[in-house]
There are 2 protein chains.
Amino acid sequence: MADAYVHGYHRRENERLQDQAGTLVDLLHSDTAYASGSTVLEVGCGIGAQTVTLAQRSPAARFTSIDISASSLVEAKQRTDAARIANVDFRQADIFDLPFDAGSFDHVFVCFVLEHLSRPIEALAILKNMLRPGGTITVIEGDHGSAYFHPQSHAADAAIQALIELQRRAGGDALIGRRLHPLLIQAGFDAVRVSPRMVYVDSSRPDLVDGFTRRTFTAMVEGVRDPAISAGLISAEIFDGGIRDLYRTAEPDGVFCYTFFKGVAARP
Amino acid sequence: MADAYVHGYHRRENERLQDQAGTLVDLLHSDTAYASGSTVLEVGCGIGAQTVTLAQRSPAARFTSIDISASSLVEAKQRTDAARIANVDFRQADIFDLPFDAGSFDHVFVCFVLEHLSRPIEALAILKNMLRPGGTITVIEGDHGSAYFHPQSHAADAAIQALIELQRRAGGDALIGRRLHPLLIQAGFDAVRVSPRMVYVDSSRPDLVDGFTRRTFTAMVEGVRDPAISAGLISAEIFDGGIRDLYRTAEPDGVFCYTFFKGVAARP
């Protein structure tokens, strides 16, 4: 089960990540740009959903994008090739065993990765060590406890809670967004600055209704149906009712709220 | 008990409202300004916490600020007099029985009022009728279900839930912020636009740690201790633990999040 819920490893999950990057790109990435000639380590690039955006926004920076999964890297390479991106090198590597010298990078970028790690502070400290003094880290994470909506639904809350519990049992923390600030401080970073990126969706924003409420968040919860029920975390009836209620929030009188958190900090 | 939790009627609550207006003023009000000569009806002005800000930001507009409580109006008048504000007329009135002709105002402003009403759509429809065609309404409300924090605490969640339940029993809805968009649509407004105003507090923002986490939100929850326990909604032990845990989120490694919602719409 620990393997069943890891972003980027399954077809449907891959589609979800693409949708997510497509609709949220400005909200999450508009203030990230790297100077010409700077070196950037992207950690946990997965299938390259963020890599394309990053590399296109900083065309004269040099990216090294790593992931632990070779098959994800193949997809990521196909994606950047299709976008005619030439400033990214992909490499298979484990965040806890990085094949780089200390201080080799100007910047580190980590998006939707810490949520899956049981030792996020240790990971951040390792990444800090990859930076030159004064180099920056950018961390983006969601927080599934930040999801609320109208109409309210106990079944939807229970389905989301099952997803959070699955991620916890797999060693991760689906509520990590809210604690980016203390994590970065505890890992020894300086000049820590965290800002929330709230996705607010009502019927005046049909792109987000479809791209976020339906195809990102609800699809993500729906994706853990089988493991959540098999693990005895929730009944099929309540789970399915919860999914129906999440789709219900995408109707014309519904509202959906979710918040990502973005932290930027520097190596002392 | 219905009377025990109404903003602006008790000394401590009054202080809280002042603190709230002081630290959140930019977040909530920076994009509200009324043209010279325009007439604005402020509904449920209470002790004038928002009135001073409104009138100072639109010094050439003419405000009529109403409240159902005569004693609150006395305080509001003292407050605007102390700030040498001369463009506000105060009047005691009930939102459901307004002493004005239809179409008499260019704008209506409502802040932290709908949350206390059992018939918010009816109230909005009445206010719509006070506007000239094309006139605008501005509505600001909180949403106590938007509060989350680090470290997490079931006791704190339970204390907040008790406050929400008290407000529900008094006929209100402490989770109204998330549904401003459908409420304004259902009341017949046009051009409805709602934006979230998220208060994100970590130790890099000491003014908000003190002004919002401690003195606004936690003080508000603390204020319902006796009615919540008397009503059997929560034990004294859990409530007090919850309050301790809310104050704990104001420590250097804590984080606190809350979201207000601001809606603007026009009379067709």
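On a predicted model such as this, the values are computed, not experimentally measured, just so you know.

Cut-offs and rules
Residues numbered from 1 in each chain as written. Chains lettered and ligands numbered in written order. Predicted model: local features only at pLDDT ≥ 70, side-chain atom pairs only at ≥ 80, totals over all residues. Heavy atoms only, no water. Buried < 20%, exposed > 50% of the residue type's maximum accessible area, 1.4 Å probe, protein only. Helix = DSSP H or I, 4+ residues; strand = E, 2+ residues; numbered from the N terminus. 1 Å grid on protein atoms, 1.4 Å probe; cavity = no way out; pocket = protein on both sides within 12 Å on 5 of 7 lines; lining within 4 Å. Points joined across faces, edges and corners; volume = space filled by probe spheres on them. Nonpolar A, V, L, I, M, F, W, Y, C, P; charged D, E, K, R; others polar. Phe/Tyr/Trp six-rings, centres within 6.5 Å; stacked < 30°, edge-to-face > 60°.

### As for helix H2 (residues 49-57) of chain B
Okay, so step 1: Of all nine residues in H2 of chain B, seven are buried; the element is thus mostly enclosed.
Okay, so step 2: Among the residues of H2 of chain B, those classed as buried are Ala49, Gln50, Thr51, Val52, Thr53, Leu54 and Ala55 of chain B.

### Focus: the layout of surface pockets
Okay, so step 1: Its volume calculated, the largest pocket comes out at about 1300 Å³.
Okay, so step 2: Along the wall of the largest pocket there are 39 residues; nearest its centre are Gly145 and Asp157 of chain A together with Gly145, Asp157 and Gln161 of chain B.
Okay, so step 3: Of all the secondary-structure elements, those providing two or more residues to the lining of the largest pocket are strand E6 (148-150) and helix H5 (154-169) of chain A together with strand E6 (148-150) and helix H5 (154-169) of chain B.
Okay, so step 4: No other element matches the eight residues that H5 of chain B contributes to the lining of the largest pocket.
Okay, so step 5: A breakdown of the residues in the lining of the largest pocket according to their chemical character gives 16 nonpolar, 14 polar and nine charged.

### Things to note about the packing of aromatic side chains
Okay, so step 1: Taken as a whole and assessed by the stated rule, the structure comprises 24 aromatic pairs over all chains.
Okay, so step 2: When the centroid spacing of 5.9 Å and the interplanar angle of 55 degrees are considered together, the rings of Tyr200 of chain A and Phe261 of chain B count as tilted. One end of the pair, Tyr200 of chain A, is in strand E7 (residues 190-201); the other, Phe261 of chain B, is in strand E8 (residues 255-266), on a second chain. Both residues of the pair, Tyr200 of chain A and Phe261 of chain B, belong to the buried class.
Okay, so step 3: Ring geometry for Phe212 of chain A versus Tyr258 of chain A: centroids 5.7 Å apart, planes at 50 degrees, classification tilted. Taken together, the positions of Phe212 of chain A in helix H7 (residues 206-222) and Tyr258 of chain A in strand E8 (residues 255-266) put the pair 46 residues apart, joining distant regions of the chain.
Okay, so step 4: The class of Tyr258 of chain A is buried, set by a relative accessible area of 3%.
Okay, so step 5: Taken together, the ring pairs in this structure connect Phe112, Phe149, Phe212, Phe217, Phe256, Tyr258 and Phe260 of chain A into an aromatic cluster.

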